[in-house]
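# Structural description and commentary
Single-letter residue listing:
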Amino acid sequence: MEVFFIANNKNAMLINEQIKASSVLVIGPNGEQVGVKPIQDALTLANYAGLDLVLMNPNGNPPVCKVMDYNKYRYEKQKKEKEATKKQKASSSQLKEFRLSPVIDIGDFETKLRNVTKYLEKGDKIKLSIRFKGRQMAHTELGRNVLEKFAARLEEIAIIEQAAKLDGRSMTMLLAPKREK
């Protein structure tokens, strides 16, 4: 009758006395194969080395264990996972849209500028758009001036990826964060 140990954590591995197999294939701390040993001998071997016996492949025949410092192994694994998620976030920058008005007040302009700055520093791209209503269509240059003034205020942290372009009743501009070199 085989006895299985269910780990508390999905990433947790069985170590030392938690391993219930009768004999295991032991791999030494430097990666050398020690051979098939009874579990007690493997535990004694790990104890002499001052390390842990970690079950690497429970499905092997016999199960494979490695002599290593388990806490250091877990720490390195977590570090790699964090690095991977960090790279994943960096590659998935989002597009945020901000709507402005051709007759925007200075207070609103400054507020939108602060919010856009936060997103640019996070690495997101910004789409600025102005929607012209009624007679404002006769003075699209006012909207273009607002967009250019906005981009000029952000020139230290952003580049213009797409210049102001009129499309129907909307004018849009794309800003991207400057990459540090």
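Residues numbered from 1 in each chain as written. Predicted model: local features only at pLDDT ≥ 70, side-chain atom pairs only at ≥ 80, totals over all residues. Heavy atoms only, no water.

### Overview of helix α1 (residues 39–49)
Ile39, Ala42, Leu43 and Ala46 are the residues of α1 that are buried. Taken around the axis of α1, the buried residues stretch over an arc of 100 degrees, which confines them to a single face. Of the residues in α1, the exposed ones pointing more than 90 degrees away from the buried face are Gln40 and Tyr48. Buried positions along α1 lie against β1 (23–27), β2 (33–38), β3 (52–57) and β4 (64–68). The positive-phi residue at the C-terminal boundary of α1 is glycine 50, with phi of around 75 degrees. (Buried < 20%, exposed > 50% of the residue type's maximum accessible area, 1.4 Å probe, protein only. Helix = DSSP H or I, 4+ residues; strand = E, 2+ residues; numbered from the N terminus. Arc of directions from axis to C-beta. Contact = heavy atoms within 4.5 Å.)

### Concerning the packing of aromatic side chains
Using the criterion set out here, one finds three aromatic pairs in the structure. Relative to tyrosine 119, the ring of phenylalanine 98 lies with its centre 6.0 Å away and its plane at 55 degrees, an arrangement referred to as tilted. Here phenylalanine 98 is found in strand β5 (residues 95–100), whereas its partner tyrosine 119 is found in helix α3 (residues 106–122), with 21 residues between them in sequence. Accessibility expressed as a relative area gives 12% for phenylalanine 98, which makes it buried. One residue, lysine 149, lies across the ring of phenylalanine 109, its end atom 5.0 Å from the ring centre. (Phe/Tyr/Trp six-rings, centres within 6.5 Å; stacked < 30°, edge-to-face > 60°. Lys NZ or Arg CZ within 6 Å of the ring centre and 35° of its normal.)

### A closer look at the pairing of β5
Bridge count between β5 and strand β6 (residues 125–131): six bridges; the pairing is parallel. Within β6, the residue paired with leucine 95 across the bridge is lysine 125. One crossover worth recording links β5 to the parallel β6 by way of α3, and it is right-handed. (Pairing = 2+ DSSP bridges. Right-handed = clockwise from strand over helix to strand, strands pointing away.)

### Here's the deal with the environment of asparagine 57
Within the secondary structure layout, asparagine 57 lies in strand β3. Overall, the relative accessible area of 34% leaves asparagine 57 in the partly exposed class. Each C-alpha atom, one on asparagine 57 and one on valine 24, is 10.0 Å from the other, the two residues being 33 residues apart in sequence. Beyond its immediate stretch of four places on either side in the chain, asparagine 57 contacts Pro63 and Val64. There is a polar contact of 3.1 Å between the side chain of asparagine 57 and the backbone nitrogen of asparagine 59. (Polar contact = N/O pair within 3.5 Å; in protein donor to acceptor, adjacent residues only side chain to side chain.)

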